[in-house]
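What follows is each chain in one-letter form.
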Amino acid sequence: MASDVEQWKDELYGTDIRAEIERFAEEGWDAIPDDEHDAWFERFKWYGLYHQRAGQESYFMMRIGPPGGVLEPGQFRQIVEIADDFSRGPAENPEFGNGWIDVTTRQAIQLHWIRLEDVPEIFDRLEEVGLSTVQACGDSWRNIVGCPVAGKDKHEHVDADALATELHDTFKENEAHSNLPRKWKVSVTGCDEGCGQGDINDLAFEPAEKEIDGETVTGYNVRVGGGLSRNEPRFARNIDVFATPEQAVDVAGGISALFRDNGDRENRYNARIKFLVDEWGPEKLRETLQEEYVDFELETAGDDLRESYSYNAGEADGKHDHVGVHEQVDGNYYVGLNVLVGRIGVDEGYELADAADEYGSGEVRLTQRQNIIFTDVDEESVDDLREVPVLEKYSPDPHPFQRGSIACTGTEFCSLSIVETKNRQVRYARWLKENVELPEGVENFHIHLSGCTASCAQPQIADVSLRGMKTRKDGEPVEALDIGLGGGLGEEPQFASWIAERIPADEVPGAIANLLENFDEARDSEAQSFREFVADRDDEELADLIEPEETDYDDPFMHNTKRTWYPYAEDDDLDSSPAPAKADGTPIPSDD
Amino acid sequence: MTIAVRTLDDGAWISVNDSRQVSVSDVWTLSHGSFCECEPAYVLLEGFFGVDVSGSVVVADTVGRCLECGTQDSIERLPVGRVVDGEFKPYSPEGVQSIVEPGAETD
Ligand code: HEM
Ligand code: SF4
Ligand SMILES: [Zn+2]
């Protein structure tokens, strides 16, 4: 039997949802019939609206997905203004205040505490500057990720931005592709450093070269079926197809249609294309694509550039992220700024927008490491830009522990989360910076924290992988983390294996400190990277090197943060929740 | 009256009559040693993959992990609450739960 979600989608989905959102916004939250909540909230996702978790009813998360993470001049400021006007919660967050934007690991922006009543105006303001929330969530083409410095970077091989934009323009609001069995994540990489992270996407275009009719053509190799979620991580598989830039959109459309027709609509847990690739194998996928979904002869794969991939790769030479000052092909510079766990307060957001306008072109680009990049800064302005006060916090030269930190949304807003994440990760990074000396030669050290196995923070491809768990400590259930080691992308990507499980969250900084000390003592030489060191050892050996312990690190979130309406509220009890609320924030009394 | 039950948001919730009632990532106390050897077992529910109504009792298929011994396994038909006069009353995760469905409940 088709799932409820499939039935709701059959009844009404895609662009038809817009008018209904406008109607509910006009009439108010209460106008959504009680017995249709599940159906409407599922549909709203197609327009980038995600109902927040229990205790926060009537408030929404809104996601905005610019292709390749490129926010054109003016767009970033507009988003900050929208956050300033509409993204305010009933309580403060102790690290971040009230009013911020989140930069996500798929180069999108997330706003929280959005009220349905404000959505039409927000849509208008986004459209004014050419932005949209269409298909940011839901079962269709999500934000297309890719090299955030496409068109600017010296490592570029083929123009990823052109293809990302073309895919975006073709497959957003495209009737034939708007209702897929599950989310559809596409990545376009154009550089030899691999910063599109294609390996963990449903569909990946990766730079390659191919001899066709005696001529060397630059284009893309195609991989299918990557993804990290659900304890079932997969790297995208090589389907032995090379696409010229002219063919790429047709190949993408063919694979999307193949997924539309063959993905599992009975069982949502089995619906992602990674499971279809498991079942069919890459050969059958290629055959079916050739026979039924494209009308030209597919080329076999060309020569790729994976050998030089360095992004998030742990050991390789080359860039591991985009932080810092880097020369562009045109002689100007791009400046990557570190954003701790991806969150930017609105006041600082204005200052950043001003700086991007004054010293660069005003463009602000978003990276898959939750950071931002100013482009087109001329050589003379680089030093002036560095002096701007807001860059002390959003630094082009951050401490490695802060630079390497990624955290997902967590119990603050997310239904699935087991633990608090963002505030905790900020506190971890701060403690590590103050208390732990990085071993000689270690300049990049990535710690990714995800609240659950959905893996939004991409924990399996970090030096230290952290994943939300619970344990019992002194007889009480407390928030805990599993610790994984050995993950990273690069030529030979590898998922972390989970070495130490259910470590109380307040013992994790101590565990990382001890691990690094043990690494420093036991490694062959200063030339051995952490990833190499881990690859050389089996799980048992590694487990001995992680020695969890309490330190002077203090963790205010050990209790069940999920069982609060907001983990940081003074009175955080679920029964004290001010939600659901009317448009002006006054609580709506429940009738029972 | 009919009771509409379903899992939502990738197994994050059990929805009863369009209201999100039972959430994943709570720790349930299970007796009878049928999940693992621990007695009682403190089991973190990691996701719901099915839900059904048995008489007035809402039962969920779920995946959990024991916080003591680390056993990870699925649990079929875990009673998570019951409907009384049309209103859902969740069972408390902290209360010791038999993971065997109460057979007599067929009203
Ligand atoms: C049913 C609930 C949710 C599920 C099942 C879910 C699942 C996922 C998965 C699987 C990924 C990407 C991992 C991959 O396959 O590569 C992801 C990305 C992400 N999710 Fe969720 N998520 C949920 C709810 C939320 C909520 C409520 C928020 C925030 C309020 C959130 C925030 C994010 C973020 C920030 C990302 C990173 C990338 C992006 O921009 O798409 N998630 N989610
Ligand atoms: S990893 Fe889990 S907890 Fe974190 S945002 Fe994703 S779904 Fe939520
Ligand atoms: Zn046990």
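Criteria and cut-off values
- Residues numbered from 1 in each chain as written.
- Chains lettered and ligands numbered in written order.
- Predicted model: local features only at pLDDT ≥ 70, side-chain atom pairs only at ≥ 80, totals over all residues.
- Heavy atoms only, no water.
- UniProt positions renumbered as here; feature names shortened; annotations may be inferred.
- Helix = DSSP H or I, 4+ residues; strand = E, 2+ residues; numbered from the N terminus.
- Pairing = 2+ DSSP bridges.
- Axes fitted to C-alpha atoms, helices over the stretch in contact; angles between N-to-C directions.
- Disulfide = S-S within 2.5 Å.
- Buried < 20%, exposed > 50% of the residue type's maximum accessible area, 1.4 Å probe, protein only.
- Near = heavy atom within 4 Å.
- Polar contact = N/O pair within 3.5 Å; in protein donor to acceptor, adjacent residues only side chain to side chain.
- Nonpolar A, V, L, I, M, F, W, Y, C, P; charged D, E, K, R; others polar.
- Parallel < 35°, antiparallel > 145°, perpendicular 65-115°, else oblique.
- Left-handed = near helix turned anticlockwise from the far one by under 90°.
- Contact = heavy atoms within 4.5 Å.
- Donors = N, O, S within 2.8 Å, 3.2 Å for Na, K, Ca; no water.
- Tetrahedral: all angles 85-135°; square planar, octahedral: opposite > 155°, others 65-115°.
- Salt bridge = Lys/Arg side-chain N within 4 Å of Asp/Glu carboxyl O.
- Buried area = accessible area lost by both parts, 1.4 Å probe.
- Expected span 1.5 Å × (residues − 1).
- Patch = residues over 30% accessible without salt bridge, like charges linked within 9 Å, V, L, I, M, F, W, Y side chains within 5 Å.
- Areas by Shrake-Rupley, 256 points an atom, 1.4 Å probe, with all protein chains shown as cover.
- Lys, Arg positive; Asp, Glu negative; His and termini not counted.
- Charge placed at Lys NZ, Arg CZ, Asp CG, Glu CD.

- Under an unreviewed UniProt entry, the name given to chain B is DUF8134 domain-containing protein, and the organism recorded is Natronococcus pandeyae.

- Under the annotation held in an unreviewed UniProt entry, chain A carries the name Ferredoxin--nitrite reductase and is attributed to Natronococcus pandeyae.
- Annotation of chain A in UniProt includes, under Sequence similarities (unreviewed entry), the sentence "Belongs to the nitrite and sulfite reductase 4Fe-4S domain family."

### With respect to the UniProt feature "domain: Nitrite/sulphite reductase 4Fe-4S" (unreviewed entry) in chain A
Residues and elements named next belong to chain A.
Thinking step 1. The UniProt entry lists residues 137–293 and 404–537 under the feature "domain: Nitrite/sulphite reductase 4Fe-4S" (unreviewed entry), expressed in the numbering used here.
Thinking step 2. Secondary structure across residues 137–293 comprises 31% helix and 20% strand; the distance between its end C-alpha atoms is 26 Å.
Thinking step 3. Taken end to end, residues 404–537 has its terminal C-alpha atoms 23 Å apart, with 26% of it in helix and 26% in strand.

### Focus: the sheet that holds strand β2 (residues 13–16) of chain B
Residues and elements named next belong to chain B.
Thinking step 1. With antiparallel pairing, the 3 strands of this open sheet are ordered in space as β1-β2-β3. The open sheet has two edge strands, β1 (5–8) and β3 (19–23), and neither has a second partner. Taken over all neighbouring pairs, the strand axes of this sheet differ in orientation by 35° on average, direction set aside.

### Observations concerning the state of the cysteines
Residue and element names in this part refer to chain A.
Thinking step 1. Tallying each qualifying case throughout the model produces 0 disulfides over all chains.
Thinking step 2. Take Cys 191: it sits in no disulfide, and the sulfur closest to it among the cysteines is that of Cys 147, at 3.6 Å.
Thinking step 3. Residue Cys 191 is classed as buried on the basis of its relative accessible area, which comes to 3%.

### Points about the site of ligand 1
Thinking step 1. In the neighbourhood of ligand 1, 24 residues make up the surrounding shell, with A:Tyr50, A:Thr104, A:Lys185, A:Cys456 and B:Asp9 lying closest.
Thinking step 2. With respect to ligand 1, the chains having nearby residues are chains A and B.
Thinking step 3. With respect to ligand 1, the side chain of A:Arg63 contributes an N or O atom lying 3.3 Å from an oxygen atom.
Thinking step 4. Take A:Leu228: an N or O atom from its main chain is 3.5 Å from an oxygen atom of ligand 1.
Thinking step 5. Among the elements of the structure, β2 (59–64) and β5 (109–115) of chain A are those that each provide at least two residues to the shell around ligand 1.
Thinking step 6. Looking at side-chain class alone, the shell around ligand 1 contains 10 nonpolar, 7 polar and 7 charged residues.

### Overview of the packing of helix α2 (residues 17–27) of chain A against helix α3 (residues 37–44) of chain A
Residues and elements named next belong to chain A.
Thinking step 1. Contact geometry of α2 with α3 gives a least axis separation of 10 Å together with a crossing angle of 120°. In terms of axis orientation, α2 runs oblique to α3. Here α2 runs over α3; the crossing is left-handed. Residue-level inspection shows Ile 17, Glu 20, Ile 21 and Phe 24 of α2 in contact with α3, the latter providing Trp 40, Arg 43 and Phe 44.
Thinking step 2. Residues belonging to the contact of α2 with α3 are distributed by class as follows: 5 nonpolar, no polar and 2 charged.

### Structural notes on the environment of A:Leu432
Residues and elements named next belong to chain A.
Thinking step 1. Note on placement: Leu 432 falls in helix α12 (residues 422–435).
Thinking step 2. For Leu 432, a relative accessible area of 2% puts it in the buried group.
Thinking step 3. Put simply, Leu 432 and Phe 401 are 31 residues apart on the chain and 6.8 Å apart in space, counted from C-alpha to C-alpha.
Thinking step 4. In contact with Leu 432, other than residues within four places in its own chain, are Phe 401, Ile 447, Pro 509 and Ile 512.

### Focus on the coordination of the zinc ion (ligand 3)
All names here are of chain B.
Thinking step 1. Donor atoms from the polypeptide that bind the zinc ion (ligand 3) are Cys 36 (SG), Cys 38 (SG), Cys 66 (SG) and Cys 69 (SG), placed at 2.3 to 2.4 Å.
Thinking step 2. Bound by 4 donor atoms, the zinc ion (ligand 3) shows angles of 104 to 116° at the metal and therefore tetrahedral coordination geometry.
Thinking step 3. All donors of the zinc ion (ligand 3) come from a single chain, and their spacing in sequence reads C-x1-C-x27-C-x2-C. A residue pair is termed long-range when its members are at least 10 positions apart, and Cys 38 in the loop between β4 (27–30) and β5 (41–54) and Cys 69 in the loop between β6 (57–66) and β7 (72–84) qualify at 31 residues.

### Structural notes on the pattern of salt bridges
Residue and element names in this part refer to chain A.
Thinking step 1. Within the structure shown, the criterion is met by 53 salt bridges over all chains.
Thinking step 2. Between Asp 199 and Arg 306 there is a salt bridge, with its nearest N and O atoms 2.9 Å apart. Linking Asp 199 in the loop between β7 (186–188) and β8 (203–212) with Arg 306 in the loop between β11 (303–304) and β12 (324–327), this pair joins segments that are 107 residues apart in sequence. Like Asp 199, the residue Arg 306 is buried in the burial classification.
Thinking step 3. Between Glu 550 and Lys 473 there is a salt bridge, and its shortest N-O distance comes to 2.7 Å. You can see Glu 550 sitting in the segment after α15 (539–545) and its partner Lys 473 sitting in strand β19 (residues 464–473), a full 77 residues away along the chain.

### Topic: the interface of chain A and chain B
Thinking step 1. Across the boundary between the two partners, chain A contributes 35 residues, which contact 32 residues of chain B.
Thinking step 2. In total, chain A and chain B occlude about 2600 Å² of area from one another, counting both sides; carbon and sulfur atoms represent 43% of this.
Thinking step 3. On the chain A side of the contact with chain B, A:Asp38, A:Tyr269 and A:Arg472 bury the most area, a combined 23% of that side's loss.
Thinking step 4. A:Glu501 serves as the salt-bridge partner of B:Arg65, at 3.7 Å between the closest nitrogen and oxygen.
Thinking step 5. The tally of links from chain A across to chain B stands at 24 residue pairs in polar contact (both at pLDDT 80 or more).
Thinking step 6. If you list the elements that add at least two residues to the side of chain A that touches chain B, you get α1 (4–11), α3, β1 (49–51), β19 and β21 (497–504) of chain A.
Thinking step 7. Here the side of chain A that touches chain B takes 5 residues from β19(A), the largest share from any one element.
Thinking step 8. Residues belonging to the side of chain A that touches chain B are distributed by class as follows: 9 nonpolar, 8 polar and 18 charged.

### A closer look at unusual backbone geometry
Thinking step 1. Here A:Ala579 and A:Pro580 are connected by a cis peptide whose omega angle stands at -5°.
Thinking step 2. Here A:Pro580 is to be found in the segment after α15.
Thinking step 3. For the peptide bond that leads from B:Glu39 to B:Pro40, omega is -5°, which places it in the cis range.
Thinking step 4. In this structure, B:Pro40 sits in the loop between β4 and β5.
Thinking step 5. Residue B:Asp10 is not a glycine yet carries a positive backbone phi of 60°.
Thinking step 6. Even without a glycine there, the phi angle at B:Arg77 is positive, about 55°.

### Focus: the site of ligand 2
Thinking step 1. Taken together, A:Cys408, A:Thr409, A:Gly410, A:Cys414, A:Leu416, A:Ser417, A:Ser450, A:Gly451, A:Cys452, A:Ala454, A:Ser455 and A:Cys456 make up the full set of residues near ligand 2.
Thinking step 2. Here the shell around ligand 2 is composed, by residue class, of 6 nonpolar, 6 polar and no charged.

### Describing helix α7 (residues 248–262) of chain A
Residue and element names in this part refer to chain A.
Thinking step 1. An ideal rise of 1.5 Å per residue puts 21 Å on 15 residues; α7 measures up with 21 Å between its terminal C-alpha atoms.
Thinking step 2. Along α7, the positions that sit buried rather than exposed are Ala 248, Val 249, Val 251, Ala 252, Gly 253, Gly 254, Ile 255, Ser 256, Ala 257, Leu 258 and Phe 259.
Thinking step 3. Where α7 is buried, its residues contact α6 (160–171), β8, β9 (215–224), β10 (237–243) and α8 (273–293).

### Things to note about a negative patch on the surface
All names here are of chain A.
Thinking step 1. Among the surface-exposed residues, Glu 517, Glu 521, Asp 538, Asp 539, Glu 540, Asp 544, Glu 547 and Glu 549 lie close enough to one another that they form a single negatively charged patch.
Thinking step 2. Looking at the negative patch, the elements that each hand over two or more residues are α13 (508–522) and α15.
Thinking step 3. Inspection of the secondary structure assignment puts Glu 521 in helix α13.
Thinking step 4. What makes Glu 521 exposed here is its relative accessible area of 64%.

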